[in-house]
Amino acid sequence: MRRGHIAVVAAAGALTMLAAVPAHATEYSSALKIKGVQYDAPGRDSNSCATGNTDEEYLTIKNYSRTATVNLKGYVVRDSTSTNKFTFTKNHTLQPGDYVKLHGGRGTDSDANNVVYRNNCNFIWNNDKDTIYLYKPSGAHADTHAYTKSANDRDGNGYITYHG
């Protein structure tokens, strides 16, 4: 085989490799990504607003951009069934490298403390398996992660880290 043909075959192989990349890889073009999830709140699950522990279930969303500031208003977080979802309705700005913890339960949102509450005392994530979707205000995917307790939570603490 001549050199020109080798280059064409190598290029075709590279294109085949690119075509084999899963479709979900494009979702990571967003500055905002899911850093981690406390999908199983410590203790016995109780969604009582007065005495429950839904506030100990949270999702950490981080701005991985080095330069862009992102406003969370209009971003949507949902589970695999779409019955549990949260839309950021207020301005909450993340500077480059900044993060926010989206907690269940009721509480006071705080830019200074990097916390937003869903003001809903129902758990959003399943304790055995679920899929976490993060959508941009445009409806485009920002990030998606599926997990199972047995495969992704090796230490059994109910917390899974993504994107370091």
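So, the environment of Tyr162
Here is step 1: In this structure, Tyr162 sits in the segment after β11 (159–161).
Here is step 2: The sequence separation of Tyr162 and Ile61 amounts to 101 residues, and the corresponding C-alpha distance is 10.0 Å.

Some words on the layout of surface pockets
Here is step 1: In this structure, the largest pocket encloses a volume near 150 Å³.
Here is step 2: Lining the largest pocket are 13 residues, and of these Phe86, Thr89, Lys90, Asp109 and Val116 lie nearest its centre.
Here is step 3: A class-by-class count of the residues in the lining of the largest pocket yields four nonpolar, five polar and four charged.

Focus: the sheet that holds strand β7 (residues 99–103)
Here is step 1: Strand order across the open sheet formed by five strands is β8-β7-β2-β1-β11, with mixed pairing between neighbours. With one partner strand each, in any of the chains shown, β8 (115–117) and β11 form the two edges of the open sheet. Strand-to-strand twist of the sheet, defined as the mean angle between neighbouring strand axes without regard to direction, takes the value 25°.

Description of the pairing of strand β9 (residues 129–135)
Here is step 1: Counting buried positions over the seven residues of β9 gives six, a clear majority of the element.
Here is step 2: In this sheet, β9 lies alongside strand β4 (residues 76–78) in antiparallel orientation, the contact comprising three bridges. By the bridge assignment, Val76 is partnered in β9 with Tyr135.
Here is step 3: The pairing of β9 with strand β10 (residues 141–148) spans seven bridges and is antiparallel. In the sheet register, Leu134 faces β10, and the bridge partner there is Asp143.
Here is step 4: Adjacent in sequence and paired antiparallel, β9 and β10 are bridged by five residues, among which Gly139 carries a positive phi angle near 95°.

Comments concerning the sheet that holds β10
Here is step 1: Spatial ordering of the open sheet is given by β5-β4-β9-β10, a layout of four strands whose pairing is antiparallel. Across the chains shown, the open sheet's two edge strands, defined by having one partner strand only, are β5 (85–87) and β10. Put simply, the sheet's adjacent strands are angled 10° from each other on average, direction ignored.

Quick word on unusual backbone geometry
Here is step 1: One non-glycine residue with positive phi stands out, namely Ser82, at about 70°.
Here is step 2: The topology assignment puts Ser82 in the loop between β4 and β5.
Here is step 3: For Ser82, a relative accessible area of 35% puts it in the partly exposed group.
Here is step 4: Unusually for a residue other than glycine, Asn114 sits at a positive phi of about 55°.
Here is step 5: Here Asn114 is to be found in the loop between β7 and β8.
Here is step 6: On the basis of relative accessibility, which here comes to 12%, the residue Asn114 falls in the buried class.

About the thresholds
- Residues numbered from 1 in each chain as written.
- Predicted model: local features only at pLDDT ≥ 70, side-chain atom pairs only at ≥ 80, totals over all residues.
- Heavy atoms only, no water.
- Helix = DSSP H or I, 4+ residues; strand = E, 2+ residues; numbered from the N terminus.
- 1 Å grid on protein atoms, 1.4 Å probe; cavity = no way out; pocket = protein on both sides within 12 Å on 5 of 7 lines; lining within 4 Å.
- Points joined across faces, edges and corners; volume = space filled by probe spheres on them.
- Nonpolar A, V, L, I, M, F, W, Y, C, P; charged D, E, K, R; others polar.
- Pairing = 2+ DSSP bridges.
- Axes fitted to C-alpha atoms, helices over the stretch in contact; angles between N-to-C directions.
- Buried < 20%, exposed > 50% of the residue type's maximum accessible area, 1.4 Å probe, protein only.

Just geometry here; none of it tells us what the structure is for.
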